[in-house]
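Architecture at a glance
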Amino acid sequence: DIVLTQTPLSSPVTLGQPASISCRSSQSLVHTNGNTYLSWLHQRPGQPPRLLIYEISNRFSGVPDRFSGSGAGTDFTLKINRVEAEDVGIYYCMQATQFPHTFGQGTKLEIK
Amino acid sequence: EVQLVQSGAEVKKPGESLKISCKGSGYSFADHWIGWVRQKPGKGLEWMGIIYPGDSDIRYNPSFKGQVTISADESISTAYLLWSSLKASDTALYYCARLHWEFLGLDSWGQGTLVTVSS
């Protein structure tokens, strides 16, 4: 199975400041069709997760442009360029390149 | 609007069976995978398995294979997660989610079904 390792596991951030989360894969996430199925999700307390980013860098419908994704192969990054209060919660990367699909362990974003 | 609506919370005893459901609406149910995700209290997301309702192709996480059964009834746009014999360790929140056929992201989630297994 592909293992996704996120760092940091916890990220205290000041409102208005940037935040960055890394997701490293145990093997390349490039599918045989050439696409890379790495996505990012956000889960607020008491709510289901919601999709933020798909295929490394594409923002899902309704996601603010302060969120961006980047990376290739085995190393990926989610960036929030100015953290807002509503951004608190847990962020997960997920790969759907290979079965079984897998999630990273999650990164908790909290406000300082 | 794409929606996934899950069945309500369940309280069961060890050894009992259980089937929870996930009904899709607002899209062609047959054309997108539906996955099941477990979240134990205070823990992260665990990918359990997934079904393509159009042809009932099912893929399990090896960690869950033999522990649960995934199925779907395309005629009523509903996916299911079944346990034949629950354990206390199955206590968790279970989500269904749609995997978009094109970009393979989990783009719509059910509200979750809390399953509590206790004697």
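Refer to the structure above for everything that follows.
Notes on the structure in this doc start here. (Residues numbered from 1 in each chain as written. Chains lettered and ligands numbered in written order. Predicted model: local features only at pLDDT ≥ 70, side-chain atom pairs only at ≥ 80, totals over all residues. Heavy atoms only, no water.)

**Section: the state of the cysteines**
Cysteine pairs can be linked by a disulfide, which is a covalent bond between their two sulfur atoms. For the coordinates displayed, the defined rule picks out 2 disulfides over all chains. Disulfide partner of A:C23: A:C93, at an S-S distance of 2.1 Å. In this structure, the disulfide formed by A:C23 and A:C93 twists by about 80 degrees around the S-S bond and is classed as right-handed. In this pair, A:C23 sits in strand β3 (residues 19-25) while A:C93 sits in strand β9 (residues 89-95), placing the two residues 70 residues apart along the sequence. Under the relative-accessibility criterion, A:C23 is labelled buried at 0%. Across the disulfide from B:C22 sits B:C96; the S-S distance is 2.0 Å. One quick way to see it: the torsion about the S-S bond of B:C22 and B:C96 is about 80 degrees, and its sign makes the bridge right-handed. Of this pair, B:C22 sits in strand β3 (residues 18-25) while B:C96 sits in strand β9 (residues 92-99), and the two are 74 residues apart along the sequence. The two residues B:C22 and B:C96 agree in class, both being buried. (Disulfide = S-S within 2.5 Å. Helix = DSSP H or I, 4+ residues; strand = E, 2+ residues; numbered from the N terminus. Buried < 20%, exposed > 50% of the residue type's maximum accessible area, 1.4 Å probe, protein only.)

**Some thoughts on the sheet that holds strand β1 (residues 4-7) of chain A**
Residues and elements named next belong to chain A. Spatially, β1-β3-β8-β7 is the arrangement adopted by the 4 strands of the open sheet, whose pairing is antiparallel. At either margin of the open sheet sits one strand with a lone partner, and together these are β1 and β7 (67-72). Going across the sheet, the axis of each strand differs from the next one's by a mean of 20 degrees, ignoring polarity. Bridge count between β3 and strand β8 (residues 75-80): 6 bridges; the pairing is antiparallel. Within β8, the position partnered with R24 by the bridge is D75. (Pairing = 2+ DSSP bridges. Axes fitted to C-alpha atoms, helices over the stretch in contact; angles between N-to-C directions.)

**Quick look at the sheet that holds β3(B)**
Residues and elements named next belong to chain B. Read across the sheet, 4 strands follow the order β1-β3-β8-β7 without closing on themselves; strand pairing throughout is antiparallel. Across the chains shown, the open sheet's two edge strands, defined by having one partner strand only, are β1 (3-6) and β7 (69-73). Between one strand axis and the next, the sheet turns through 20 degrees on average, direction left out of account. Judged from the 6 bridges that link them, β3 and strand β8 (residues 78-83) form a sheet pairing that is antiparallel. Bridge pairing links L18 to W83 in β8.

**A closer look at unusual backbone geometry**
In this model, A:T7 is joined to A:P8 through a cis peptide bond whose omega is -10 degrees. Here A:P8 is to be found in the loop between β1 and β2 (10-13). Here the residue pair A:F99 and A:P100 is connected by a cis peptide bond, since its omega of -10 degrees sits within 30 degrees of zero. Located in the positive-phi region is B:S56, a residue other than glycine, with phi close to 60 degrees. Of note, B:S56 is situated in the loop between β5 (45-52) and β6 (57-60). Given a relative accessible area of 41%, B:S56 falls into the partly exposed group. Of note, the phi angle at B:L104 is positive, near 50 degrees, even though the residue is not glycine. Within the secondary structure layout, B:L104 lies in the loop between β9 and β10 (106-109).

**Observations regarding the pattern of salt bridges**
Enumeration according to the criterion identifies 7 salt bridges over all chains in this entry. For A:R66, the salt bridge identified is with A:E84, shortest N-O distance 3.5 Å. In this pair, A:R66 is assigned in the loop between β6 (58-59) and β7 and A:E84 in the loop between β8 and β9, connecting sequence segments 18 residues apart. By relative accessible area, A:E84 is classed as partly exposed at 38%. A salt bridge links B:D107 to B:R98, with the shortest nitrogen-to-oxygen separation between them at 2.6 Å. Comparing B:D107 with B:R98 shows no difference in burial state: the two are buried. A network of salt bridges, in which partner residues are shared, links A:R66, A:E84, A:E86 and A:D87. (Salt bridge = Lys/Arg side-chain N within 4 Å of Asp/Glu carboxyl O.)

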